[in-house]
Amino acid sequence: MADPAPPVKRYVLRTAAPARSYRVDYARELNEEQREVVFAPEGPTIVIAGAGSGKTRTLVYRVSRLVEDGTPPQRLCLLTFTNRAAREMTRRVEALIGEDVSGALAGTFHSVAARLLRPSAELLGYRPNFSILDGEDSKELLESATSDLNIPVAERRFPKGDLLRELLSLSVNRGRSLGEAVASEAPHFLSQLPAIEAVAKRYGERKVRANAMDYDDLLSNLKRLLEEHPEVRQALARRIAHVLVDEYQDVNHLQAQLVDLLARDSPVRNVMVVGDDAQSIYSFRGADFEALLGFPDRYPGVRMYRLETNYRSTPEILRLADASIAFNARRFEKTLRPTRGAGVPVAVVGTADVPQQAQFVAQRILELRDEGLALSEIAVLYRAHYQSLELQMELTRRGIPFEIRSGLRFFEQQHVKDVLAFLKLAVNPKDETSFKRAIKLLPKVGERIAATFWLAVSEAADPVETFLALDLSKAPAGARAGLKGFRGTLTALRKASYASSPAEAIRFVVEDGGYSEVAKTKFPNSTARLDDLEALAQFALPYDDVGKFLQEVTLFGDPAGEDTVAGEKDDERLVLSSVHQAKGLEWRAVFLVGLSEDRFPNARACRAPEGLEEERRLFHVAVTRAKDELTLVHPLAAYDRTGILVMTEPSRFLRELPGDLYERWVLEAPPPAPSLSGSGAPALGEADDPTLSGEDDEPVN
DNA sequence: TTAAGCTTTCTTTTT
DNA sequence: GAAAGCTTAA
């Protein structure tokens, strides 16, 4: 009788997990919410990050942690919406762990796409030196495609280049047909859809012929490359261990598809997307936060995290921000939890009209400065650029230095584009748009002659070379001298010495190429513009390759923002900015001006489906930029487009707020005694006897 | 066909 | 403040 064998339990001895030691003290430098994201395990992950919750910080630490845990930087793909954001993040990671991460595939969707497309361009019918068309280039090419097809634009109204570009762009980015885009954005042109489609087709052909891609092509061609060439996609999948996407709420359908494609061949699908649905403000460019809301469905097993602790603003500001966004139906529920102590109330100020608004803001800014707040800690935000005009005048009058972050960007100005057209043509001789732009600068040469010349040379492998050899005797007499000079300039620019020095090439075009003469006749402020061009040359100085310089210029935007001419870091300047451009930034004191119904929310934007909700998100973005003080200003009268002074109602974003969320300021006229004392300005306060603009004061509520 | 001069218009615009 | 659109002149 044998004893029954005792049950066996297997027990595995494990080597003590070595306490992982990191160079960065993650536990100390992050809060609980952030730490969880930073240490989130492999697999698809979504992070909903409220305003001011340390979203960038969390991403930076996540990247650091991945690198510290052994992921080589070149195996990371970090997609952002601005190059500035990408640069900022890589810089901060490097500062944190003291390691070079420049090998990472980091940048905007467009710049990463351009980088990936160049080596494989031949697979798509392009040459690796393809040009990149900016919005204006596309517009011109579309207009020329329209006239190509002899569409009788005069008989029946036909969409202009700008609208065509917008429609095309929306259809590409939303993954919809052109017909759907026309139906939703410009239904009155629906009857001409066949012609519009023909123009689109022609435009597409012309781009390939010109060896040029517009912004949308960068994305859609990358999509094609990844879909049609699995070997390319798989090689990329092997290379990329983690994809991280910032501002995912502003991603469009096409961009979301690209992210999905990058993850497709990876078994673990290490995709982390970070965003805030309440800050989605780019639907007019095709952004759709459906990508964010629907992410969990596309990635089963996704982990979701939320960052709701706000480090930026006072509780007063956050309460107002939360109350406002709660009026939106379509959103993720979330509440911003303040960490800061009580501050001053949010101020709501009605001014008699727009000039008084400017006067009030300028005066308050001077007071804040006297209280010790640096001008660089103050910003004035507005819905539309033109709303800043009066303020600009008032600030200039009072000698308050400011910097404008809206309106035309440096590289989009005519004179800059004119000169760059020469360089583009030297790099890519098939670039039709640049050829026409450059040749039209000559006296007596307009659209007609430019088109004739291009037609004569465009079939050639090197149209510029053919153009240089063309017999000019048949050209109109008046244009002949100019054409000769033009050919001289082009010949010179094709020399290797200029190909390796964009700065010299720019100076050559301006000085020897005669552009300074052109500028003098073309622009009333030619001196300033020529100074700009010298600044452009300075900016180009570090580059030793014209092609590379051009790509960065078209894709990287504004040099005035940062790393331009060193030493002019003048931080004693107030910032004026559109709300869109203020996203991601913060100031101690923020003035939000022009809060009248129909201006903000913008009447036109409200006509779009969900337009009002997007406007409210824009309002949310604006108010959450403020750290300490928020002032909301609404003029009670403004000039309408016919130049008549009309009464304007306060914005519904103000009227819908409960009255206990802000303090109402009423402006008083200056005391009659005229004195020259420094503070000889109207007193401000909660006077219960408004003496200004008697007919105003509809209660905000 | 080009150019000059006037009027009109301006939502936002990471690429 | 700047660019686009329109009309008229050359």
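Residues numbered from 1 in each chain as written. Chains lettered and ligands numbered in written order. Predicted model: local features only at pLDDT ≥ 70, side-chain atom pairs only at ≥ 80, totals over all residues.

Undergrad: How do you make sense of the overall build of chain A when you look at a structure like this?
TA: Helix and strand counts for chain A stand at 31 helices and 20 strands. Expected size for 701 residues packed as a compact globule is a radius of gyration near 27 Å; at 29 Å, chain A falls within 12% of this value. On the principal axes, the C-alpha backbone points of chain A span a range of 110 × 100 × 55 Å. Classification of the 701 residues of chain A by burial places 43% in the buried group. In chain A, 76% of the contacts between residues at least 6 apart in sequence involve partners at least 24 apart. (Helix = DSSP H or I, 4+ residues; strand = E, 2+ residues; numbered from the N terminus. Rg over C-alpha atoms; globule rule 2.2 N^0.38 Å. Buried ≥ 20, exposed ≤ 12 C-beta atoms within 10 Å, placed from the backbone. Contact = placed C-beta atoms within 7 Å.)

Undergrad: In this structure, what is going on with the packing of helix H5 (residues 109–120) against helix H10 (residues 215–228)? I would like to understand it.
TA: Angle between the axes and distance between the axes: these two values describe a pair of packed helices. The contact between H5 and H10 brings their axes to 9 Å, and the two run at 55°. Judged on the interaxial angle alone, H10 and H5 are oblique. Between H5 and H10 the crossing geometry is left-handed. Here Phe109, His110, Ala113, Ala114, Leu116, Leu117 and Ser120 of H5 come into contact with H10, specifically with Tyr215, Leu218, Leu219, Asn221, Leu222 and Leu225. Among the residues forming the contact of H5 with H10, the class breakdown is ten nonpolar, three polar and no charged. (Axes fitted to C-alpha atoms, helices over the stretch in contact; angles between N-to-C directions. Parallel < 35°, antiparallel > 145°, perpendicular 65-115°, else oblique. Left-handed = near helix turned anticlockwise from the far one by under 90°. Nonpolar A, V, L, I, M, F, W, Y, C, P; charged D, E, K, R; others polar.)

Undergrad: Mind showing me how you'd approach the pairing of strand S6 (residues 242–245) here?
TA: Walk down a regular strand and you will see the side chains alternate between the two sheet faces. By the alternation rule, side chains of S6 split into His242 and Leu244 and Val243 and Val245, which are all buried. Sheet topology places strand S2 (residues 76–80) next to S6; four bridges connect them, and they run parallel. In the strand pairing of S6, Cys77 is matched with Val243. Taken together, the three bridges between S6 and strand S7 (residues 271–275) define a ladder with parallel strand orientation. (Pairing = 2+ DSSP bridges.)

Undergrad: Hey, could you run me through the protein's contact with DNA strand C in this one?
TA: Within the structure, DNA strand C sits among Lys160, Tyr386, Leu408, Gln413, Gln414 and Asn525. Here the surface near DNA strand C is built from residues that sort into two nonpolar, three polar and one charged. (Near = placed C-beta within 6 Å.)

Undergrad: Is there a simple way to explain the confidence of the model for chain A in this structure?
TA: If pLDDT is low for a region, its predicted coordinates should not be looked at in detail. Per-residue confidence for chain A gives a mean pLDDT of 86; residues scoring 70 or more make up 92%. Long-range and interchain partners of residues 560–569, a stretch whose pLDDT sits below 50, account for seven contacts in this model, where long-range means more than four residues apart. (pLDDT = per-residue confidence, 0-100.)

Undergrad: Is there a simple way to think about H10 in this case?
TA: Residues spaced three or four apart along an α-helix face the same direction, because each turn holds 3.6 residues. The end-to-end C-alpha distance of H10, which contains 14 residues, comes to 20 Å, matching closely the 20 Å that a straight helix rising 1.5 Å per residue would cover. Looking at H10, one finds that the buried residues are Tyr215, Asp216, Asp217, Leu218, Leu219, Asn221, Leu222, Leu225 and Leu226. Here the buried face of H10 lies against H5, helix H7 (161–174), helix H9 (193–209), strand S5 (212–214), helix H11 (230–239) and helix H12 (253–264). (Expected span 1.5 Å × (residues − 1).)

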